[in-house]
Amino acid sequence: MNDLLKLIDEELRAIADPEKAQWMKEYLKNQFDFIGVASPERKIIVRFLWKEYKNEIVKNWRELYQILWDAEAREYQYVAMDLMTKTKRELQKEDLVLIEHWICQKSWWDTVDSLASNMAGKYFEKFQNQIEHIIPEWMFSKNMWLNRSAIIFQLKYKEKTDFELMKENILHHIDSKEFFINKASGWALRQYSKFNPHAVREFIHEHPELSVLTIREGSKYI
């Protein structure tokens, strides 16, 4: 796998742009270092990696993603997340610890939202009996990013969304002043309103104490 990691590093650095790096760093509030590889360019690299090294990636995905997560530049975490969308079917029950680790490490919306809706979403779809144990832990956690993940992990569930669970998570944080929590609540409601607008409209009507941001986001399609 060392050759694969070396290749990833070489491919990214070959197209790195210091000017882009500075802009990307500022966009994320100077919290992370970048080397300056934009999303379209990165995705070309990922497509190449998946075509040429699919078997090796699938075989070693846990170790590979952790090494990429530990890398200093943010683009390496992005490569890991791009590949996660391709290997999420490989998730096993014990992999929850990895998902939680990645959510809680180097946390910001750019990684957490993808981890929640892709990796956590697929995990709980595959191991549904874990929901009743883990989601309450995330909901009550002191880690805001786990709170957000509990609210949005069902984003891709469509009509299979457990709306009662979503409402429970939203109402638990109804007094929150945290932008990322209120935004997540509105996002979750907005997404579900595509499939059940009546239920979302009724919920918002019954809870005028929801934040202005949550109501605005949740009402966009209704």
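The structure under discussion appears in the preceding block.
Residues numbered from 1 in each chain as written. Predicted model: local features only at pLDDT ≥ 70, side-chain atom pairs only at ≥ 80, totals over all residues. Heavy atoms only, no water.

J.: How should I be thinking about the overall build of the protein chain in this particular structure?
T.: When helices and strands are tallied, the protein chain shows 13 helices and 0 strands. Walking the protein chain from its N terminus toward its C terminus, one meets helices and strands in the order α-α-α-α-α-α-α-α-α-α-α-α-α. Computed over the C-alpha atoms, the radius of gyration of the protein chain is 19 Å, within 12% of the 17 Å expected from 2.2 N^0.38 for a compact globule of 222 residues. Taken across its 222 residues, the protein chain has 52% of its residues classed as buried. Partitioning the intrachain contacts of the protein chain with sequence separation of at least 6 by distance along the chain shows that 70% fall at a separation of at least 24. As displayed, the protein chain has an accessible area near 11500 Å², and 50% of this comes from carbon and sulfur atoms. Between the centroid of the 33 positive side chains of the protein chain and the centroid of its 35 negative side chains there is a distance of 4 Å. (Helix = DSSP H or I, 4+ residues; strand = E, 2+ residues; numbered from the N terminus. Rg over C-alpha atoms; globule rule 2.2 N^0.38 Å. Buried < 20%, exposed > 50% of the residue type's maximum accessible area, 1.4 Å probe, protein only. Contact = heavy atoms within 4.5 Å. Areas by Shrake-Rupley, 256 points an atom, 1.4 Å probe, with all protein chains shown as cover. Lys, Arg positive; Asp, Glu negative; His and termini not counted. Charge placed at Lys NZ, Arg CZ, Asp CG, Glu CD.)

J.: Explanation requested: the pattern of salt bridges in the structure shown.
T.: Where side chains of opposite charge bring their charged atoms close, a pairing between them can arise. For the coordinates displayed, the defined rule picks out 13 salt bridges. Residues Arg-190 and Glu-217 are paired through a salt bridge, measuring 2.5 Å at the closest nitrogen-oxygen approach. Note that Arg-190 is positioned in helix α11 (residues 179-193) and Glu-217 in helix α13 (residues 212-218), a separation of 27 residues in sequence. Taken as a pair, Arg-190 and Glu-217 share a single burial class, namely buried. Between Glu-217 and Lys-220 there is a salt bridge, with its nearest N and O atoms 3.5 Å apart. On the basis of relative accessibility, which here comes to 4%, the residue Glu-217 falls in the buried class. (Salt bridge = Lys/Arg side-chain N within 4 Å of Asp/Glu carboxyl O.)

J.: What exactly am I supposed to notice about a nonpolar patch on the surface here?
T.: Residues Trp-23, Tyr-27 and Trp-109 make up a contiguous nonpolar surface patch of roughly 370 Å² in combined accessible area. Here Trp-23 lies in helix α2 (residues 18-27). We classify Trp-23 as exposed; its relative accessible area is 54%. (Patch = residues over 30% accessible without salt bridge, like charges linked within 9 Å, V, L, I, M, F, W, Y side chains within 5 Å.)

J.: Any chance you could explain the packing of helix α9 (residues 144-152) against α11 here in plain terms?
T.: Relative orientation and spacing of two packed helices are given, respectively, by the angle between their axes and the distance between those axes. For the pair α9 and α11, interaxial distance at closest approach is 9 Å and the crossing angle is 10 degrees. The pairing of α9 with α11 is recorded here as roughly parallel in orientation. Residues Met-144, Trp-145, Asn-147, Arg-148, Ile-151 and Ile-152 of α9 form the contact with α11, whose own contacting residues are Phe-180, Ile-181, Lys-183, Ala-184, Ser-185, Trp-187 and Ala-188. Considered class by class, the residues forming the contact of α9 with α11 number 9 nonpolar, 2 polar and 2 charged. (Axes fitted to C-alpha atoms, helices over the stretch in contact; angles between N-to-C directions. Parallel < 35°, antiparallel > 145°, perpendicular 65-115°, else oblique. Nonpolar A, V, L, I, M, F, W, Y, C, P; charged D, E, K, R; others polar.)

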